[in-house]
Amino acid sequence: MASTRQMAQFFVGLLCVLNPHLPVAEAGWRPLSSPSSWASSWVRRLPSSSPSSHELALQTRIGDGEHDLHHPPSPSSSSLFGVGNNLERLVRRGRRQRCLASVVAAYRIRGGSGDDDDDDEENGDSDGNAVEERIAATDDGDEERRPETTAEAALDEDASDDDGGKNKDDDDDDRDEERYSRQMYALGARAHGLVRSTTAVLDGPLGGRGGRDVRAGGADGFDGLDDDGRDGCRPATDVSRTPSGLLYEIAKNLALSGVGRIVLVRDDDDDDVGGDSYDSGYFDGSLDDLGAAYHRSALAEIGGVDSGSDRQGERTSPNEDDGEEEGDSDVEEGYDGSLDDGATLLAEYIQRLNPGVKVDVVPRSDLLRSLDDLVAGDGDDDDEASSDDEREGVVSLGTNPVVVCVDRSTTAQLEMNDACRGYGRSDGAAVVPFVSVETAGVHARLFCDFGPDFVVVDEDGETPRSTLLDRVEEEEKPPGDDGNEKLYTVQCLEDDRHDVSRDDIIEFQGEHGGDSHLGGKTDFPKCQVVTVKSPRCFTVKEWRDRGESKGSGADGNKTDSSKIFSSLLEGRARSFSRVKVPKRVSFSSLRHILQPSTSEKGQGSVITKRCWDDDALFAPSDLDKSFDPLRRRAVMASMSALDAFVRRHGRLPSKSRAVGQRTDAERFRSLVRRTANEDDGAGDSSTKPDEKRRWESLVDQFARTCRAKFAPVQALSGALGAQEALKAATGLYNPVRQFLLYDCDEVLQGDPSEGADDDEEVEGGTTETACDLPKGQTYILGERTSRKLAGSRLFLVGAGAIGCELLKNLAAMGAGTNGEGRIVLTDMDTIEKSNLSRQLLFRDHDVGEFKSVAARTATSRFNPRTRVEAHTCRVGEEEEGGGGPFDDDFWSVGCDVVLNALDNVEARLFVDSMCVAHGLGMVDAGTLGPKGNVQAVVPGLSESYGSSADPPEPNVPVCTLKNFPYEIAHTIQWARDLFDGYFRRRPRQANDHVEELAEAEDLGAFGRALMEKLGEDAAADMAKELGEDLGPFPFVVGNADASDPEYVSTVKKVSLEWAIREAHRLFYVAMDELIRKHPADSVDDDGAAFWSGTRRMPRPLRFTPLDSEEDEVSAQQVIINERIAQFVRSAARLRMESFLPADENESSLTSLEEALIALEEQAKLLYAKKKPKEILHNLSGGGSNDDGDDAALSLIVENLNGAKAGASFLPSLNLADFEKDDESNGHVAFVAAASNLRAAAYGIPPADAMETRRVAGRIVPAMITTTGLVSALSCVELVKAIRGSPLELRRNAFVNLALPFFAFTAPVPAEEVTGLNGKTHTIWDRITVKDKSPTRTMTLGKFLRKVRKKAGCGEGVEVSSLSHGPFMIYANFLHAGDEELLGTPLLDAVRDAVMSEDDDDMSFLEDDIAEEGEGEEEEPPSAAALTAEQKAVLAKLERKRFIDFAVTVEDQETGEEFELPPVRLIKDKEKERTYVDDEIEDTPQ
């Protein structure tokens, strides 16, 4: 008999078929008394976050009248229940119908076809898609949406009837490109395209119905802590409701990465049970804090559950506005009943993360059947296939699937991996890549099987660097070597170093004639590196691809090796770079590696056959732990034994549970020994006692924590699992081969405050606070640690990608939820579209909002008890002294630990200096594409962030950019500077001088003033630019009207002419002049060839008409012509926009055809009348300069005449700010055209628009997986900081997910500086001086005596200097006898030093000499004369609670100087004076 839910699903489908426009919600089965009550119930389910939900609930316009939704009009034939028209209008207005979206998705999943094919867009025959398409068709005026978009996307609030027929697919593509722009620079266009075509199948605990809600108290249920099933806080509940946090993490990472489709695997009996019965017992949702946090967030965002309310409807979130209505907070009333299903909830949550991802939910049996067909080659992936022809229960997985198992037992992993491998078939081969990820306490394991013949296209994702070549020489064969293969030595330039390794493939680049990017044919062979001799030298041999026979070239034709190598030996090659060659990698299946067997009792115990002894199967994840065979055996045996324990007892082992006379830990140890076969490190008599004790310790530790989930470990594993899935889909980066083990068991050590009875206290669950703490974390770390974290004041600097991940993790970990605990968050940036692909807290509707404010709101959904104090100001010097929230009081008492999530070094250094000054711990994290690092700064013990610095990036000399580029980055930077000069500096320059020129009566005097101010050359350049920029106005403006086609046409003509002149000047005249100055055979001052090394002789480029009679037009010239036309087109467009109003820019577009026509006309006009030398002479401003200054002034005045004529119209030119993310503005197009044209002149391979945008926009590649990884590691270090772990247990991390490479090292101890009397101090030490006397102010002399006393200076040791920042206060060689200065109050002396503008020590001597000569005292500068820097320093002195001084002392006998630790003067804030204190303590801060 059909269940109640099945009946409800049937009626939902029937109603949708009867009236496709009718929104229907399956909200639990309960009778409704009337249509009006149905409508009221439906309206109450509108999300409370919708800005107009209350208004909609009261009154909505229907037709021409106003009607209350609680009393809808009478039923009509066209609107079921009488509200169809009304609700349809709501949909057509683009209102947020979130409940409708979730219901349609739920129906499609349960009642319709859960295995719809990618072909449904054309066929649309499955029931689920039919419903979805009908709902999407509600907007009559809109184009039909793609079926792969969910109903929620189809009813997006941005949809409207008056879109003007705009192509929505094009808009989606544009938004897609902007959303993933930062990821594109890390993955590349090819890999990103494959990601978008990927189907990711996720199999893990989805959670489900049953039990109480999870909004309060951390995890849902938390049963099993006592033998009677109670935890002392609440009754035991159905733990299956809480989903796997690791599953949500991987789904989040894949969705934000932009996979095309995610398939969620549900149990076959989920319709009846509502939970996760498959692999029952292996996952305990009650101890999954991250899963509970995600569950809360999903319910709050999708179902409209008020995350700021507890079960009784009381508001508890400190982040909610007091004036907001509370409304119904009960779960049954707050969201649609379909969200009880874990699969539906996760599917909807994925859609919120990325509306462009298609989500399906399929039964496990259907998936396994589909995998079986796909492996057998029977899968129907033909785009033309109709869904009618598909067999029932078969799911289409597309052309690029990958399966990910999450938090599943080894037995379940074997089953799924077998399905991907096709076991049972003689020709079984891995068709579907397989990844499994699981966590147990502080341990995690990842496994990859990508098949026996997986191809890695690019191992590291790095762009090969072009290295300058000195020479290539043939090596002499050693005596007796009869081999036919020749070796060649490659030598780099003296100042350059190569980046090649053995077996790398390299290719050479040469002069212009061999430049393939200009249509030429390269004649250099590819070579393979044989040996690396030094950073500047290596040997190579000829390399041929597999398909090439010996003596064949790349085109398959026979070639003479000696002939093609002769070009190298002759020195025709100028540089070389590595070539990325795909490699094949073989994987073994999980069953083949583990070789499981069934025990005699039939329990299915998994026995591993010494697989842990094979180093090739394990990717190193820690330089210490990964190479510890005993640890590896213990963890692998424990993972396998965990499966056996669950299969035997139906649950995970607990800390204190005892069955009979044996505890769970004892039973687990027994299974581990059995799994390890006694001879692999446990229990063997031959095992050393210390190794046996360590083995037992590792196993016991695993048994004590494996039941619970630790949020940072889940976040780290989610990043690794998602990254490996992306590797399988793209072939980009080296995959993990094949196991990766990680643990952070050091967090379990190092807190002396944790008592021996702490575990029992938590397990008993009797304390009131334990109910509010994260259950899984408390189970693992103890109640004291969780309570410390909940009461800590954390300062999170930055709410970008890393900041969002940190906030999510901290909310799950219960940070800032008790007592004075809070998270202080600041970020001055606003949300951009490109942020959405890696910042999970933001949605499309948040674009334009402050990141910190939006992040605070989103964090409250994860944990309403987390207090987030949001700020929108930056952290820096000016903020510290400007009275902002981050003053000395904040740094001293307002925070306990600082978490850095910044994107620039300057801000990091400032925060680091504040942490050092105030003795605060800090965790810093950063990423660059697949690379990431985490640094733990431990106050008093470790070095700080600023103690060491990365090698500075070499600055490119101006002469290199201007005349001698040899890398594409040089030409891009040159083009970027050209953009700023043309379209920002010059318009501003014209606007600044337009009034002055218009009013000038004597241009000669104006010109002479320019020459005196700027110099002759600079004045001439400015006058020329002003003449060009203002001169056209008398000819084009008149009565300027941008809507006048004639006016626009004239501006376009003038702009085209200017662009053509500039192209000729930049790429022909300037280069020809350089060659004339330095001919090909010229030498430098040392007698070496001038055009050698990094100097490339350019080739002047000019436009040549195709029908030119004087010059032959080659294929290369055709390419050059096109590039010149691209430059002219881009330059003319931007030049035109300088004259036209900003809102008229569309009329400034110039076609390539227009540019080519203008170029041909100009070229014919010039070259038909003049010879090239005359053209060069005229365009370069040639002519005699016999009259000296008069001639220069005449030229300046001549240019100014035209400028004055234009200035009389008082025009205002538009300035252009380079915007890298707007494809339509033509900015990147101009830079790319100019850069590639210059690159062609210098024989440098060009760059595409994507690479040009990255370099010109200084874009840092970013990936959500790397961000998630470093954020997780930061949280691990935060826990250690809260626990007070010693330095040896802290870890700095350096990771590269591409290789993959992981290095964890203890922080470097702070450097000790030897001071006076052999004492040492570090950056953390301070000499503190306090002044509390109410009667006297501390003078400079008194302060110096106190410093001598505190420093322990004996007789003969005096203070030699005292300074504050860059300002010198006292120097003994100048002021030793200056009683007036020594008697001055210290703060006054500091102010005087700041106001005196003395930048160095010698300024004091100069002042003394001046005073002696003049005999009169210099007046101090007035406040108006102070610089901004001086004013900022003075303001900071007034506001700061203390002042730090740098002090050096000198031994008068030896003359030796010693630097003291920073001396800190503590100010009395109430009296703003400093007084003497006889008891001064020297306390390290």
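About the criteria used
Residues numbered from 1 in each chain as written. Predicted model: local features only at pLDDT ≥ 70, side-chain atom pairs only at ≥ 80, totals over all residues. Heavy atoms only, no water. Helix = DSSP H or I, 4+ residues; strand = E, 2+ residues; numbered from the N terminus. Buried < 20%, exposed > 50% of the residue type's maximum accessible area, 1.4 Å probe, protein only. Contact = heavy atoms within 4.5 Å. Areas by Shrake-Rupley, 256 points an atom, 1.4 Å probe, with all protein chains shown as cover. Pairing = 2+ DSSP bridges. Axes fitted to C-alpha atoms, helices over the stretch in contact; angles between N-to-C directions. Patch = residues over 30% accessible without salt bridge, like charges linked within 9 Å, V, L, I, M, F, W, Y side chains within 5 Å. Salt bridge = Lys/Arg side-chain N within 4 Å of Asp/Glu carboxyl O. Lys, Arg positive; Asp, Glu negative; His and termini not counted. Charge placed at Lys NZ, Arg CZ, Asp CG, Glu CD. Parallel < 35°, antiparallel > 145°, perpendicular 65-115°, else oblique. Nonpolar A, V, L, I, M, F, W, Y, C, P; charged D, E, K, R; others polar. Left-handed = near helix turned anticlockwise from the far one by under 90°. Phe/Tyr/Trp six-rings, centres within 6.5 Å; stacked < 30°, edge-to-face > 60°. Lys NZ or Arg CZ within 6 Å of the ring centre and 35° of its normal. Expected span 1.5 Å × (residues − 1). Polar contact = N/O pair within 3.5 Å; in protein donor to acceptor, adjacent residues only side chain to side chain. pLDDT = per-residue confidence, 0-100.

## Examining the overall build of the protein chain
A count of helical and extended segments in the protein chain gives 50 helices and 35 strands. Of all 1485 residues assigned to the protein chain, the portion counted as buried reaches 56%. Across the protein chain, the fraction of contacts at a sequence separation of at least 24, relative to all contacts at a separation of at least 6, is 75%. When the accessible surface of the protein chain is summed, it comes to about 62,900 Å², and 47% of that surface belongs to carbon and sulfur atoms.

## Re the sheet that holds strand β25 (residues 931-937)
Taken in spatial order, the eight strands make up an open sheet running β22-β21-β20-β23-β24-β25-β26-β27, and their pairing is mixed. On the outer flanks of this sheet lie β22 (868-871) and β27 (1301-1305), each paired with one strand and no other. On average, each strand axis in the sheet is inclined to that of its neighbour by 10 degrees, with strand direction left out of account. Strand direction decides the pairing type here: strand β20 (residues 793-797) and strand β21 (residues 822-826), joined by five bridges, are parallel. Considered in β21, the bridge of Val797 is made with Thr826.

## Quick word on a positive patch on the surface
On the surface, a cluster of positive charge is made up of Arg648, Arg662, Arg673, Arg674 and Lys692. Mapped onto the elements, Arg673 comes out in helix α21 (residues 664-675). Overall, Arg673 belongs to the partly exposed group, its relative accessible area being 30%.

## What to know about the sheet that holds strand β4 (residues 261-266)
Where strands meet in a sheet, backbone hydrogen bonds hold them as pairs that are either parallel or antiparallel. Read across the sheet, seven strands follow the order β5-β4-β3-β6-β7-β8-β19 without closing on themselves; strand pairing throughout is mixed. Looking at strand neighbours, the two that pair on one side only are β5 (358-363) and β19 (739-743), the edges of this open sheet. Neighbour-to-neighbour, the strand axes of this sheet turn through a mean angle of 15 degrees, independent of strand direction. Of the pairings in the sheet, the one linking strand β3 (residues 199-203) to β4 comprises four bridges and is parallel in character. Note that in β4 the partner of Leu202 across the bridge is Leu264.

## Details of the packing of helix α26 (residues 783-790) against helix α44 (residues 1264-1283)
Look at α26 against α44: their axes get within 10 Å of each other, and the N-to-C directions meet at 100 degrees. Here α44 runs roughly perpendicular to α26, going by the angle between their axes. Along its contact with α26, which presents Thr785, Lys788 and Leu789, the element α44 presents Leu1278, Val1279, Ile1282 and Arg1283. Tallied by class, residues from the contact of α26 with α44 come to four nonpolar, one polar and two charged.

## Focus: the packing of helix α33 (residues 968-999) against helix α42 (residues 1227-1241)
Contact geometry of α33 with α42 gives a least axis separation of 8 Å together with a crossing angle of 130 degrees. On the basis of their axis angle, the class for α33 and α42 is oblique. The crossing of α33 and α42 is right-handed. Mapping the contact onto sequence places Ile968, Thr971, Ile972, Trp974, Ala975, Arg976, Leu978, Phe979, Tyr982 and Phe983 in α33 and His1227, Phe1230, Val1231, Ala1234, Ser1235, Asn1236, Arg1238 and Ala1239 in α42.

## Let's talk about unusual backbone geometry
Between Arg737 and Gln738 the backbone carries a cis peptide bond, its omega angle lying at -20 degrees. Position of Gln738 among the secondary structure elements: in the loop between α23 (711-730) and β19. The amide bond that connects Leu1299 to the next residue, Pro1300, takes the cis arrangement and shows omega of -15 degrees. Along the polypeptide, Pro1300 turns up in the loop between β26 (1292-1296) and β27. Even without a glycine there, the phi angle at Asp407 is positive, about 50 degrees. Turning to its location among the elements, Asp407 is positioned in the loop between β6 (401-406) and α17 (410-421). Looking at Asp407, the relative accessible area reads 2%, which means it is buried. Phi angles above zero are rare outside glycine, and Asn1317 is one such case at about 60 degrees.

## What to know about the pattern of salt bridges
Applying the stated criterion across every chain yields a total of 64 salt bridges. Its salt-bridge partner being Arg707, residue Asp284 comes within 2.7 Å of it at the nearest N-O pair. Here Arg707 lies in the loop between α22 (689-705) and α23 and Asp284 lies in the loop between α12 (270-273) and α13 (289-302), a separation of 423 residues in the sequence. Here Lys1440 and Asp888 are joined by a salt bridge, their closest N and O atoms 3.0 Å apart.

## Focus: the packing of aromatic side chains
Throughout the structure, instances matching the rule amount to 35 aromatic pairs. Between Phe450 and Phe454, the aromatic rings sit 5.0 Å apart at their centres with planes inclined by 55 degrees, giving tilted as the arrangement. Note on accessibility: Phe450 and Phe454 belong to one class, buried. In this structure an aromatic cluster arises from ring pairing among Trp974, Phe979, Tyr982, Phe983, Trp1058, Phe1067, Phe1127, Phe1218 and Phe1230. The ring of Phe1442 carries the charged tip of Arg1464 above its face, separated from the ring centre by 3.8 Å.

## Quick notes on helix α20 (residues 629-649)
Compared with the 30 Å implied by 1.5 Å per residue over 21 residues, the 30 Å span of α20 between its first and last C-alpha is a close match. In terms of residue burial, α20 counts as a mostly covered element, since 16 of its 21 residues are buried. Capping the start of α20 is the job of one residue whose side-chain oxygen sits 3.2 Å from the backbone nitrogen of Leu630: Asp628. Of the residues one or two after α20, Gly650 is the one with positive phi, at around 75 degrees.

## What to know about the environment of Leu1340
Looking at the element boundaries, Leu1340 is found in helix α45 (residues 1340-1351). Taking the C-alpha atoms as reference points, Leu1340 and Pro1385, 45 residues apart in sequence, are found 5.9 Å from one another. Look past the residues within four positions of Leu1340 in its chain and what remains in contact with it is Leu1362, Ile1369, Tyr1370, Leu1381, Leu1382, Thr1384, Pro1385 and Leu1386.

## A word on the environment of Asn354
Mapped onto the secondary structure, Asn354 falls in the loop between α15 (342-353) and β5. On the accessibility criterion, Asn354 (2% relative accessible area) is buried. Beyond its immediate sequence surroundings of up to four residues, Asn354 is in contact with Arg179, Tyr180, Ala255 and Gly258.

## Points about the pairing of strand β8 (residues 443-449)
Burial analysis of β8 places seven of its seven residues in the buried class, the great majority of the element. Side chains of β8 alternate between two faces, with His443, Arg445, Phe447 and Asp449 and Ala444, Leu446 and Cys448 buried alike. Hairpin remark: strand β7 (residues 434-440) followed by β8, antiparallel, with two residues in the connecting loop; positive phi at Gly441, about 65 degrees.

## Considerations on the pairing of strand β32 (residues 1367-1371)
Of all five residues in β32, five are buried; the element is thus mostly enclosed. Pairing of strand β31 (residues 1357-1364) with β32, which is carried by four bridges, proceeds in the antiparallel orientation. Across the sheet, residue Ser1363 finds its bridge partner in β32, namely Met1368. Linking two consecutive strands that pair antiparallel, namely β31 and β32, is a turn of two residues; a positive phi of about 60 degrees is found at Gly1365 within it.

## Details of the side chain of Thr198
One can find Thr198 in the loop between α10 (189-196) and β3. Classification of Thr198 by relative accessible area gives buried; the value is 3%. Once residues lying within four places of it in the same chain are set aside, the contact partners of Thr198 are Val259, Gly260, Arg261, Asn400, Val402 and Ala729.

## With respect to the confidence of the model for the protein chain
Overall, the prediction assigns the protein chain a mean pLDDT of 75, with 68% of residues at 70 or greater. Scored below 50 in pLDDT, residues 600-605 makes 10 contacts in the model with residues more than four places away or belonging to other chains.

## Quick word on a nonpolar patch on the surface
Judged by side-chain polarity, Leu623, Phe627, Phe1294, Leu1299 and Phe1301 come together as a nonpolar surface patch covering roughly 480 Å² of accessible area. Its place among the elements puts Leu623 in the loop between α19 (590-594) and α20. Judged by its relative accessible area of 44%, Leu623 is partly exposed.

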